[in-house]
Amino acid sequence: MMASKKLTEWHCPDWRSRLFCTLGFGIVIAILFRELLFGCVSRWTTEPQYSHGFAIPLMALRLGWYSRGKFLPGVARSNIFGLSLIIIGIVGHVAAIYFYVEAIDAISFVVTVCGTTLLIWGRRAFAALWPSVLFLGFMLPLPFQIERALSDPLQVLGASEAAWYIQACGIPAIAQGNIILMGDTQLGVAEACSGLRMLMVFFAISTAAVIVSKRTVWEKMLILFSALPIALICNVLRIVATAIA
């Protein structure tokens with residue numbers, strides 16, 4: 001009842017024109033950041049750890065629709081501060097192209113989307129929509145340096161932990177780096193099996209659960225950070241099952 005009451009109090013007579021403006025700005029943003037977006041789609045298609053990227057925009061739209069009941073009472077009024085964010089995003093995009101830094105381009109994309117939402121729909125709507133807007137960040141690949149810094153230790157950790165459980169199953173096994181030696185058989189924990197994919201997917205799911213849940217702050221933090229141990233455990237179980245098979 002409270003959510004429906006807020007919805008009736010938050011009214012926007014010109015919502016159709018604002019919706020068309022949103023679509024128009026969306027097309028312009030897609031054209032402006034086309035290289036980044038095409039690169040994302042390419043990596044979603046070819047790299048298993050980023051295959052979840054196809055689902056992120058749909059999940060963000062669903063989260064935005066779910067949060068509609070949180071709109072603060074009042075009339076939608078465009079906020080000029082959104083234009084400042086758009087300008088910052090465009091400047092960052094130009095700098096990213098000039099210096100060939102994809103991470104800056106990714107951040108600029110999210111900033112531009114935030115600025116567009118704030119400019120068109122105003123502060124009241126943005127107060128409810130910003131979690132779903134920032135959720136789009138999960139569709140963007142990690143910077144190469146961060147990806148390598150996470151992938152290599154995860155491969156070694158997965159191999160060492162899996163070797164212990166393989167031994168517990170009665171199979172002689174020892175881990176050397178990301179290689180598990182089982183007698184004359186070698187099982188390599190490849191980059192695709194490092195657990196990075198599961199880590200990113202579980203963090204995305206946990207973040208979505210935090211957005212939609214009505215829990216206390218500490219419970220939401222518990223849900224969010226539970227993604228790390230769950231992803232690691234699932235990855236180790238996958239390696240063990242592969243080794244036994």
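Look above for the structure.
For the structure given in this document, a descriptive report is provided here. (Residues numbered from 1 in each chain as written. Predicted model: local features only at pLDDT ≥ 70, side-chain atom pairs only at ≥ 80, totals over all residues. Heavy atoms only, no water.)

This structure, assessed with the given rule, holds 5 aromatic pairs. Judged by centre distance (5.5 Å) and plane angle (75 degrees), the ring pair of Phe33 and Phe109 falls under edge-to-face. Here Phe33 is found in the loop between helix 2 (15-32) and helix 3 (34-46), whereas its partner Phe109 is found in helix 6 (residues 102-134), with 76 residues between them in sequence. A relative accessible area of 0% places Phe33 in the buried class. Judged by centre distance (4.9 Å) and plane angle (85 degrees), the ring pair of Tyr98 and Phe99 falls under edge-to-face. Neither residue differs from the other here; Tyr98 and Phe99 are each classed as exposed. (Phe/Tyr/Trp six-rings, centres within 6.5 Å; stacked < 30°, edge-to-face > 60°. Helix = DSSP H or I, 4+ residues; strand = E, 2+ residues; numbered from the N terminus. Buried < 20%, exposed > 50% of the residue type's maximum accessible area, 1.4 Å probe, protein only.)

Going residue by residue along strand 4 (residues 179-182), you find Ile180 and Met182 tucked away on one face and Ile179 and Leu181 left uncovered on the opposite face. Direction of pairing for strand 3 (residues 174-176) relative to strand 4: antiparallel, over a ladder of 3 bridges. Along strand 4, the bridge assignment pairs Gln176 with Ile179. Taken together, the 4 bridges between strand 4 and strand 5 (residues 185-188) define a ladder with antiparallel strand orientation. When the sheet's bridge partners are listed, Ile179 is paired in strand 5 with Gly188. Following strand 4, the chain reverses through 2 residues before pairing antiparallel with strand 5; Gly183 in that reversal takes a positive phi of roughly 70 degrees. (Pairing = 2+ DSSP bridges.)

Our next topic: the nonpolar core. One recurring pattern in soluble globular proteins is that nonpolar side chains are buried together. Leu36, Phe109, Phe135, Met139 and Leu140 are the most contacted members of the largest nonpolar core, which has 31 residues in total. Elements represented by at least two residues in this core include exactly helix 3, helix 4 (56-66), helix 6 and helix 8 (196-212). Ranked by residues supplied to this core, first place goes to helix 6 with 8 residues. Those residues within four positions of Leu140 in sequence are excluded, and the remaining contacts are Leu36, Cys40, Ala106, Phe109 and Val110. Residues Leu187, Val189, Val236 and Val240 belong to the second largest nonpolar core, which totals 13 residues. (Core = buried A, V, L, I, M, F, W, Y, C linked by side-chain atoms within 4.5 Å. Contact = heavy atoms within 4.5 Å.)

We now examine the packing of helix 9 (residues 217-225) against helix 10 (residues 227-244). Helix 10 packs onto helix 9 with a crossing angle of 25 degrees between their chain directions and a minimal axis gap of 5 Å. Taken together, the axis directions place helix 9 and helix 10 in an arrangement best described as roughly parallel. Residues Ile223, Leu224 and Phe225 of helix 9 lie in contact with helix 10, whose contacting residues are Ala227, Leu228 and Pro229. Residue composition of the contact of helix 9 with helix 10, by class: 6 nonpolar, no polar and no charged. (Axes fitted to C-alpha atoms, helices over the stretch in contact; angles between N-to-C directions. Parallel < 35°, antiparallel > 145°, perpendicular 65-115°, else oblique. Nonpolar A, V, L, I, M, F, W, Y, C, P; charged D, E, K, R; others polar.)

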